[in-house]
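Next come the chains, spelled out residue by residue.
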Amino acid sequence: MIVPHVQGTGSFLPGEPISNDDLMQLFGRAIKPLCAAIGVQRRYWAADPRRGWQATGVNNSTMAARAASLAIADAGLSPADVDLLVMVTATPDYPFPATVTLVQEELGIAECVALEFRAACAGVAQALAVAELFIRSGRARTALVIGSEVSSSLIDFRTSGTPPDDVLLSAVMFGDGAGALLLAGREASQPADGIFTTVLNSVGAGRAPGFQCRLGGSRHPYARVHEVPDRSNIVHDFRQILTLGPQLVLRAFHDLQRATALSPLDFDVIVPPQANPALTRSTMASQGLDDTRVFYNVHRVGNTSSASLLIALDELNRTGRLAPGHRVALLAAEASKWLYGAAALTWTRARAASAAA
Amino acid sequence: MEQSASTEIYERVAAIVARRLNIAPDAIGRDTRIVDELGAESLDVISILGQIEAEFEVEVPAERLAHLQTVHDITEALVEQRIHGSDAMKQGGVQA
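Residues numbered from 1 in each chain as written. Chains lettered and ligands numbered in written order. Predicted model: local features only at pLDDT ≥ 70, side-chain atom pairs only at ≥ 80, totals over all residues. Heavy atoms only, no water.

1. A look at the overall build of chain B
Counting secondary structure elements, chain B contains five helices and zero strands. Along its sequence from the N terminus, chain B presents helices and strands in the succession α-α-α-α-α. Classification of the 96 residues of chain B by burial places 41% in the buried group. Element-wise, carbon and sulfur atoms account for 47% of the exposed surface of chain B, whose accessible area totals about 5,300 Å². (Helix = DSSP H or I, 4+ residues; strand = E, 2+ residues; numbered from the N terminus. Buried < 20%, exposed > 50% of the residue type's maximum accessible area, 1.4 Å probe, protein only. Areas by Shrake-Rupley, 256 points an atom, 1.4 Å probe, with all protein chains shown as cover.)

2. Section: the packing of aromatic side chains
Aromatic ring pairs are described here by two measures, namely the spacing of the ring centres and the angle between the planes. All names here are of chain A. Considering all chains together, one arrives at two aromatic pairs over all chains under this definition. Ring geometry for Phe 174 and Phe 211: centres 5.5 Å apart, planes at 55 degrees, overall tilted. Within this pair, whereas Phe 174 is found in the loop between helix 6 (165-173) and strand 9 (177-187), its partner Phe 211 is found in strand 11 (residues 211-213), the two being separated by 37 residues in sequence. A single burial state applies to Phe 174 and to Phe 211, both of which are buried. Plain terms: the ring middles of Phe 253 and Phe 267 are 6.1 Å apart, the flat faces sit at 50 degrees to each other, and that makes the pair tilted. Linking Phe 253 in helix 7 (residues 238-260) with Phe 267 in the loop between helix 7 and strand 13 (269-271), this pair joins segments that are 14 residues apart in sequence. Residue Phe 267 is classed as buried on the basis of its relative accessible area, which comes to 0%. One Lys or Arg, Arg 281, reaches over the ring of Tyr 296 and ends 4.6 Å from the middle of that ring. (Phe/Tyr/Trp six-rings, centres within 6.5 Å; stacked < 30°, edge-to-face > 60°. Lys NZ or Arg CZ within 6 Å of the ring centre and 35° of its normal.)

3. Regarding the interface of chain B and chain A
With 14 residues of chain B at the contact, the number on the chain A side is 11 residues. Between chain B and chain A, the buried area comes to about 1,100 Å², and carbon and sulfur atoms account for 57% of it. Looking at the side of chain B facing chain A, the largest losses of area belong to Glu41(B), Leu43(B) and Ile46(B), adding up to 44% of the total buried there. In this structure, the connection of chain B to chain A is made through three salt bridges. Between Lys32(A) and Glu59(B) there is a salt bridge whose closest N-O contact spans 2.9 Å. Of all the elements, helix 2 (residues 42-56) of chain B adds the most residues to the side of chain B that touches chain A, at eight residues. When the residues that make up the side of chain B that touches chain A are grouped by side-chain class, the tally is five nonpolar, four polar and five charged. (Contact = heavy atoms within 4.5 Å. Buried area = accessible area lost by both parts, 1.4 Å probe. Salt bridge = Lys/Arg side-chain N within 4 Å of Asp/Glu carboxyl O. Nonpolar A, V, L, I, M, F, W, Y, C, P; charged D, E, K, R; others polar.)

4. Things to note about the side chain of Thr142(A)
All names here are of chain A. When you line up the elements, Thr 142 lands in strand 8 (residues 142-149). Overall, the relative accessible area of 9% leaves Thr 142 in the buried class. Only 2.5 Å separates the side chain of Thr 142 from the backbone oxygen of Asp 81, close enough to count as a polar contact. When residues no more than four places from it in sequence are discounted, the contact partners of Thr 142 are Leu 77, Asp 81, Val 82, Asp 83, Leu 84, Ile 135, Leu 183 and Ala 184. (Polar contact = N/O pair within 3.5 Å; in protein donor to acceptor, adjacent residues only side chain to side chain.)

5. Topic: the sheet that holds strand 10 (residues 195-202) of chain A
Residue and element names in this part refer to chain A. Taken in spatial order, the four strands line up as 10-15-14-13 in an open sheet, and their pairing is mixed. Looking at which strands have only one partner, the edges of the open sheet turn out to be strand 10 and strand 13. Across the sheet, the mean angle from the axis of one strand to that of its neighbour is 10 degrees, orientation sign disregarded. Each of strand 10, strand 14 (327-334) and strand 15 (339-346) touches helix 5 (residues 123-136); the most contacted strand, strand 10, lies at about 130 degrees to it. Of the strands in this sheet, strand 10, strand 13, strand 14 and strand 15 touch helix 7, which is tilted by about 40 degrees from strand 15. (Pairing = 2+ DSSP bridges. Axes fitted to C-alpha atoms, helices over the stretch in contact; angles between N-to-C directions.)

6. Some details on the layout of surface pockets
In this structure, the second largest pocket occupies an estimated 500 Å³ of space. If you go around the second largest pocket, you meet 25 residues; those closest to its centre are Lys32(A), Pro33(A), Ala36(A), Ala37(A) and Ile46(B). Contributing elements (two or more residues each) for the lining of the second largest pocket: helix 1 (20-27), helix 2 (32-38), helix 7 and helix 8 (277-285) of chain A together with helix 2 and helix 3 (62-65) of chain B. If you tally residues by element for the lining of the second largest pocket, the top one is helix 2 of chain A, at six residues. Tallied by class, the residues present in the lining of the second largest pocket amount to 17 nonpolar, four polar and four charged. (1 Å grid on protein atoms, 1.4 Å probe; cavity = no way out; pocket = protein on both sides within 12 Å on 5 of 7 lines; lining within 4 Å. Points joined across faces, edges and corners; volume = space filled by probe spheres on them.)

7. Describing helix 5 of chain A
All names here are of chain A. Taking 1.5 Å of rise per residue, the 14 residues of helix 5 would be expected to cover 20 Å, and the 20 Å separating its terminal C-alpha atoms lies within 8% of that figure. Counting buried residues in helix 5 gives 12 out of 14 residues, a clear majority hidden from the surface. Inspection of helix 5 places Gly 123, Val 124, Ala 125, Gln 126, Ala 127, Leu 128, Ala 129, Val 130, Ala 131, Glu 132, Phe 134 and Ile 135 among the buried residues, and these make up the whole buried set. Of the residues flanking the end of helix 5, it is Gly 138, one or two places downstream, whose phi is positive at about 85 degrees. (Expected span 1.5 Å × (residues − 1).)

8. As for the pattern of salt bridges
Residue and element names in this part refer to chain A. Counted according to the given criterion, the structure contains 17 salt bridges over all chains. Note that Glu 227 and Arg 224 form a salt bridge whose closest N and O atoms lie 3.6 Å from each other. Residue Glu 227 is classed as exposed on the basis of its relative accessible area of 51%. Owing to a relative accessible area of 42%, Arg 224 belongs among the partly exposed residues under this scheme. Across the salt bridge formed by Asp 314 and Arg 318, the nearest N and O atoms sit 2.5 Å from each other. With Asp 314 and Arg 318 both in helix 10 (residues 308-318) and four residues apart, the pair spans about one turn of that helix. What makes Asp 314 buried here is its relative accessible area of 4%.

Take a look at the structure:
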């Protein structure tokens, strides 16, 4: 049986890190307790607020292509070897053409299957599930899974006076970045080899969005934004996120355990949603799981949404924390309209020789 | 600390709480509990705390938060910091 194996990883973060002190310069000292409550210490944005919001010369597709190139190189392959590009983003370069086609162009891939999913934090599970099916069915030998986000582009940071909570929350929590995995199909050498299980679920029917980007779609197109009475673009329902967010993460983990017949301690490394460090850490602690088994880098890079699990996995790979035989659980959950997903994999790459990040 | 200074702090804190919760300052009694009675949510509490820290140039340690339930509690904590930590307070780093 052919199963997908992770053969390479890559990631890219734009510009220089933006610290909480930088945010206090921008928004005032009053946001200090918010920074402490969320727990993100630094993030990266594609436009630099310290230099008049100058663009750093990167956008979603260029970041995605950089991460993808690194993953291809890490796998020892070339772009022409990629059969399937499957990308997920909530912040595409344009409504269309799909950003994945621009990434394909940037990578110099003349022909391939190119799919793009519109999702945020849960999207990587969707992309992995589809890549898994393509490889298992023999429709692709290799798949490049990419998550890339420029969440900073959604937020109007230049409002006068004290910005509303939604802007501050987004500024404190979100970072921009891209991550990629190169999956290659190989004969399974053991029952649970490579990516052996993916689960997906959408449970938000009848429930208000926990997180929403309201403007710029066809309901409120940019040309008629001035007609919208409340022009807040990003809306967080923080109360719902605090109560339902942890439940969603646990459902993802429980579904994965049920599908794999594994218990939490059977996983050597668990990568939970890299959304809100304080909330996720307390959620995992409620299951008796501490940082010896659970991996976070969200406090160092911010919540990079669909890219976050891929950026985390790249760091795990490049720092040599993963060894052949390690069981890894990737947990994805998204408050937008309450989606979750997860993947279980057995790491089959040799441990990275260098401990350089 | 003079009574008038304490009253002034009380009024400034009440104004911050009232502005955040969109209520009249005189709707807040001395012992009105901000979360339990006024319905402040966690994000409100974080915002109120941020406004207080910025306006009074102090830092409220996390372990004290649970004991600061009313405007009166907050006022007392600020008065205490002014008495015991005025030098450090100027640097915005008081740990009461």
